Amino acid sequence: MTREFRKDIRGRGASSNVTNRYDSLKYEATEEDFDNYADEKPLLKTEVLKDSSRTIITENKSPDIGFRYSVNAYRGCEHGCSYCYARPTHEYLGYSPGLDFESKIFVKEEAPKLLREALMKRSWQPEVINMSGVTDCYQPLERMMELTRGCLQVLLEFKNPVSLITKNSLIVRDLDIFKEMAAYDGVLIFISVTSLDAELARTLEPRTSHPQARLNAIKTLAEAGVPVGVNVAPCIPGLTDHEMPMILKAASEAGAQFAGYTPLRLPSSVLPIFEEWLEVHRPLKKQKVLNSVRDIRGGKLNDANFGSRMRGEGARADQMAQMFALYTRKYNLNVKEFELSAEHFQRPGDQLQFNLD
């Protein structure tokens, strides 16, 4: 007889390691295996692994993603968001998209050096680089490793524009860099807020910053003159969608000028992880949430089609879009037009040297 092992692991979003789709060997726990977990401590430690990749700039070719190039020093994300669409990327590395994704973090220790080398190449044409296109560049490890800060220092040196999106208030640590970038329209930041319910956020996205800390980060950035917005993402139908007006209001009051939103996406192996999260943390709401997702995904739990995957379809998706439009107008968000500028880009050594002798 087999028995599923699921429980709330303190500080983690997933409750287990779901099977890697690409593994030829599959393992299913037995009754004996389950009993061996009885004395296990609920806290799972993070393991840092070296990523020896020699490239740092990734090109995105998806037509419904708002950036072409991205940079990130980390693979996997300690934030542990149960809904994270990036979880399947860990399967390509031979690990589970479940607990492995949030506890085995691959680190590009030479990220700033690699970025500098890439920008020095004449083949690089100055263009906006996005940070956190997949996993969060301000996840907890960044506090110690400062690889994101190192990359930002390189981008500042070259005056190459950058956009950032994060769920971590750690971003205000780099305010000194952002203030310099803002002087030449070289930075745009979005802070993601999924819910203002601190208890829900603690289990849904366990190692992210407290919702109020994120709003405080918006306030700090705005007061320093750094262009900042809020991203209501993911907007989870049946669970957090009703909070959209409150989130937009709170962000606007904190100083946000811009706003965006994205409905929940559950691609491939993200689906069983999120379903498991519902079983562990919101069992009474599980069917309501899943049925609500089906309402915006054409009767399915995921839509992989470009365009519709980022907005959803049907009456409920339309209502979500109308609510977003209504409250962004009400709270004066997305009123100001802003465009990042690459016209100040320069490579060190490109300036004319004058002999004053």
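Source: prediction; values computed, not measured.

Points about the pattern of salt bridges
For the structure on display, the rule yields 22 salt bridges. In this structure, Glu102 and Arg87 form a salt bridge, with 2.7 Å as the shortest nitrogen-oxygen distance. Residue Glu102 is found in helix 2 (residues 99-103), and its partner Arg87 is found in the loop between strand 4 (74-75) and helix 2; the two are separated by 15 residues along the sequence. This pair shows no difference in class: Glu102 is buried, exactly as Arg87 is. Measuring nitrogen to oxygen at the nearest pair gives 2.8 Å for the salt bridge that ties Glu205 to Arg214.

What to know about the nonpolar core
The tendency in soluble globular proteins is for nonpolar side chains to be buried as a group. Ranked by internal contacts, the top residues of the largest apolar core, which has 60 residues, are Leu152, Leu164, Phe178, Met181 and Ile189. Ranked by residues supplied to this core, first place goes to helix 5 (residues 147-158) with seven residues. Leu164 has contacts with Asn130, Met131, Cys137, Tyr138, Leu152, Ile171, Phe178, Val187, Leu188, Ile189 and Phe190, leaving out every residue within four places of it along the chain. Judged by nonpolar contacts, the second largest core, of 21 residues, contains Ala86, Leu271, Phe274 and Val293.

Thoughts on the packing of aromatic side chains
The full count for this structure, using the stated rule, is seven aromatic pairs. Of note, Arg265 hangs over the ring of Tyr85, and the distance from its end group to the ring centre comes to 5.1 Å.

So, helix 10 (residues 270-281)
Between the first and last C-alpha of helix 10 there are 16 Å, a value that for twelve residues agrees with the 16 Å anticipated at 1.5 Å per step. Those residues of helix 10 that fall on the buried side of the exposure criterion are Val270, Leu271, Ile273, Phe274, Glu276, Trp277, Leu278 and His281. Taken together, the buried residues of helix 10 touch helix 7 (198-204) and helix 11 (286-296).

Regarding the side chain of Ser292
Tracing the backbone shows Ser292 in helix 11. With a relative accessible area of 4%, Ser292 lands in the buried category. When residues no more than four places from it in sequence are discounted, the contact partners of Ser292 are Pro237, Gly238 and Arg316.

Some words on unusual backbone geometry
Between Ala233 and Pro234 the backbone carries a cis peptide bond, its omega angle lying at -15 degrees. Examined against the element boundaries, Pro234 turns out to sit in strand 9 (residues 228-235). Non-glycine residue Ser132 carries a positive phi angle of around 85 degrees. Looking at the element boundaries, Ser132 is found in the loop between strand 6 (129-131) and helix 4 (141-145). The backbone of Ser268 sits at a positive phi, close to 35 degrees, despite the residue not being glycine. Checked against the element boundaries, Ser268 lands in the loop between strand 10 (258-263) and helix 10.

A word on the environment of Val280
Residue placement: Val280 occurs in helix 10. Taking the C-alpha atoms as reference points, Val280 and Thr203, separated by 77 residues in sequence, lie 9.8 Å from one another.

A look at the sheet that holds strand 3 (residues 69-71)
Across the sheet, seven strands lie side by side as 2-3-6-7-8-9-10; this open sheet has mixed pairing. Both outer strands of the open sheet, strand 2 (57-59) and strand 10, are each paired with one neighbouring strand and no more. Across the sheet, the axes of successive neighbouring strands diverge by a mean angle of 25 degrees, strand direction being ignored. Its contacts with the sheet put helix 9 (residues 244-254) on strand 9 and strand 10, and the angle it makes with strand 9 is roughly 165 degrees.

Notes on the sheet that holds strand 1 (residues 47-50)
Reading across from one edge, 1-5-4 is the order of the three strands in this open sheet, with mixed pairing throughout. Every other strand in the sheet has two partners, leaving strand 1 and strand 4 as the edge strands with one partner each. Where strand 4 and strand 5 (residues 104-107) come together, two bridges link them in antiparallel fashion. Residue pairing across strands places Tyr74 opposite Val107, the latter belonging to strand 5.

Regarding the confidence of the model for the protein chain
In the predicted model, the protein chain carries a mean pLDDT of 89, and 86% of its residues have values of at least 70. Low pLDDT, under 50, characterises residues 22-42; the stretch is placed with 19 contacts to residues that sit more than four places away or in other chains.

Scoring rules and cut-offs
Residues numbered from 1 in each chain as written. Predicted model: local features only at pLDDT ≥ 70, side-chain atom pairs only at ≥ 80, totals over all residues. Heavy atoms only, no water. Salt bridge = Lys/Arg side-chain N within 4 Å of Asp/Glu carboxyl O. Helix = DSSP H or I, 4+ residues; strand = E, 2+ residues; numbered from the N terminus. Buried < 20%, exposed > 50% of the residue type's maximum accessible area, 1.4 Å probe, protein only. Core = buried A, V, L, I, M, F, W, Y, C linked by side-chain atoms within 4.5 Å. Contact = heavy atoms within 4.5 Å. Phe/Tyr/Trp six-rings, centres within 6.5 Å; stacked < 30°, edge-to-face > 60°. Lys NZ or Arg CZ within 6 Å of the ring centre and 35° of its normal. Expected span 1.5 Å × (residues − 1). Pairing = 2+ DSSP bridges. Axes fitted to C-alpha atoms, helices over the stretch in contact; angles between N-to-C directions. pLDDT = per-residue confidence, 0-100.

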